[in-house]
Amino acid sequence: MIGLLGKKIGMTHRFGADGKFIPVSVLEAGPCFVLEVYDKSIQLGFDKVNPKRVACPQAGLFKKAGVPPQAFIKEVKIDNAKDYKPGQELKVDIFKEGDFVDVSGVSIGKGFCGGMKRWHWAGGPKTHGHTSHRRVGSIGSSTTPGRVFRGHHMPGHMGNRAVTTQNLKVIKIDSANNLLAVKGAVSGAKNGYLIIRKAKKKK
């Protein structure tokens, strides 16, 4: 379950050996530094940051590990954590072409959205004097049960959630530039931080 921290660069495409069009997401994966080692996880740091923008407690963590200050810090679960040590550098070459990865990121925030945009409601009638085109309308259900069910689709905040896209195939690896191309789309905006893990083996 070892993984890397990374950044979303953008989307492009490739053509397979059979000539088929393959949409791919290009990710910057590493290099990451091991900051702390726990029983079943390791703490990783990614993306150098100006030392002046680092709080004193974090500066001590980086100094103890012997690495430059990092902007993005996350803990990654791993069974053989004791095989790693603080200050160790992990690069994109821990993956290989043909592997499958799970990519976790934060989706793009859309702000407050109505029900039609958020939940793809069909909307009300457009003609014959109707005036409720995009409104919520009645949400109750008469005397029985006489309440609104939990989880009812309503207008509200959309996006800006942690989303994991699973089983994305690794199409190309550029070790010189720490780039990873995976088949399909990845949640998040350009330059958004990601956690890239090797997918669990299916039984």
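This section reports on the structure supplied with the text.

Conventions we followed
Residues numbered from 1 in each chain as written. Predicted model: local features only at pLDDT ≥ 70, side-chain atom pairs only at ≥ 80, totals over all residues. Heavy atoms only, no water. Helix = DSSP H or I, 4+ residues; strand = E, 2+ residues; numbered from the N terminus. Rg over C-alpha atoms; globule rule 2.2 N^0.38 Å. Buried < 20%, exposed > 50% of the residue type's maximum accessible area, 1.4 Å probe, protein only. Contact = heavy atoms within 4.5 Å. Areas by Shrake-Rupley, 256 points an atom, 1.4 Å probe, with all protein chains shown as cover. Lys, Arg positive; Asp, Glu negative; His and termini not counted. Charge placed at Lys NZ, Arg CZ, Asp CG, Glu CD. 1 Å grid on protein atoms, 1.4 Å probe; cavity = no way out; pocket = protein on both sides within 12 Å on 5 of 7 lines; lining within 4 Å. Points joined across faces, edges and corners; volume = space filled by probe spheres on them. Salt bridge = Lys/Arg side-chain N within 4 Å of Asp/Glu carboxyl O. Pairing = 2+ DSSP bridges. Axes fitted to C-alpha atoms, helices over the stretch in contact; angles between N-to-C directions.

**Comments concerning the overall build of the protein**
Okay, so step 1: Counting secondary structure elements, the protein contains two helices and 12 strands.
Okay, so step 2: For the protein, the succession of helices and strands along the chain, N to C, is β-β-β-β-α-β-β-β-β-α-β-β-β-β.
Okay, so step 3: Relative to its length of 203 residues, the protein is extended, with a C-alpha radius of gyration of 23 Å against a globular reference of 17 Å.
Okay, so step 4: With the C-alpha coordinates aligned to their principal axes, the bounding extent of the protein is approximately 70 × 50 × 40 Å.
Okay, so step 5: By the burial criterion, 34% of the 203 residues in the protein qualify as buried.
Okay, so step 6: Within the protein, contacts between residues at least 6 apart in sequence are counted, and of these 72% link residues at least 24 apart.
Okay, so step 7: Per element, the accessible surface of the protein, about 13100 Å² overall, is 52% carbon and sulfur.
Okay, so step 8: Positive and negative side-chain charges of the protein, numbering 35 and 14 respectively, have mean locations separated by a distance of 12 Å.

**Digging into unusual backbone geometry**
Okay, so step 1: The omega torsion of the bond from Thr144 to Pro145 falls at 5 degrees, within 30 degrees of zero and hence cis.
Okay, so step 2: Checked against the element boundaries, Pro145 lands in the loop between helix H2 (115-119) and strand E9 (156-158).
Okay, so step 3: Here His128, not a glycine, exhibits a phi torsion of approximately 60 degrees, which is positive.
Okay, so step 4: If you trace the backbone, His128 turns up in the loop between H2 and E9.
Okay, so step 5: The phi dihedral of Asn191 falls on the positive side, at around 70 degrees, and the residue is not glycine.

**Things to note about the layout of surface pockets**
Okay, so step 1: Estimated volume of the largest pocket: approximately 150 Å³.
Okay, so step 2: Contributing to the lining of the largest pocket are Phe72, Lys74, Ser104, Gly105, Val106, Ala162, Val163, Thr164, Tyr193, Leu194 and Ile195.

**Details of the pattern of salt bridges**
Okay, so step 1: Here the structure, examined in full by the defined rule, presents three salt bridges.
Okay, so step 2: Between Asp39 and Lys82 there is a salt bridge, with its nearest N and O atoms 3.8 Å apart. Placement of the pair is Asp39 in the loop between strand E3 (32-37) and strand E4 (41-48) and Lys82 in the loop between strand E5 (70-77) and strand E6 (89-90), with a sequence separation of 43 residues.
Okay, so step 3: Across the salt bridge formed by Asp99 and Lys96, the nearest N and O atoms sit 3.3 Å from each other.

**What about the side chain of Gln43?**
Okay, so step 1: Mapped onto the fold, Gln43 is located in strand E4.
Okay, so step 2: Judged by relative accessible area, which is 16%, Gln43 ranks as buried.
Okay, so step 3: In this structure, Gln43 is in contact with Phe33, Val34, Leu35, Glu36, Tyr38, Leu61, Ile73, Lys74 and Glu75, ignoring residues within four places of it in sequence.

**Some points on the sheet that holds strand E12 (residues 193-198)**
Okay, so step 1: Pairing is antiparallel around the closed barrel formed by six strands, whose spatial order is E1-E2-E11-E10-E7-E12. The sheet shows a mean angle of 50 degrees between the axes of neighbouring strands, direction not considered.
Okay, so step 2: As paired strands, strand E1 (residues 3-15) and strand E2 (residues 21-29) are joined by nine bridges and run antiparallel to one another. Considered in E2, the bridge of His13 is made with Pro23.

**Some points on the environment of Phe149**
Okay, so step 1: Counting through the fold element by element, Phe149 comes out in the loop between H2 and E9.
Okay, so step 2: Judged by relative accessible area, Phe149 falls into the partly exposed class, the value being 48%.
Okay, so step 3: On a C-alpha basis, the gap between Phe149 and Val106 in space is 28 Å, while along the polypeptide they are 43 residues apart.

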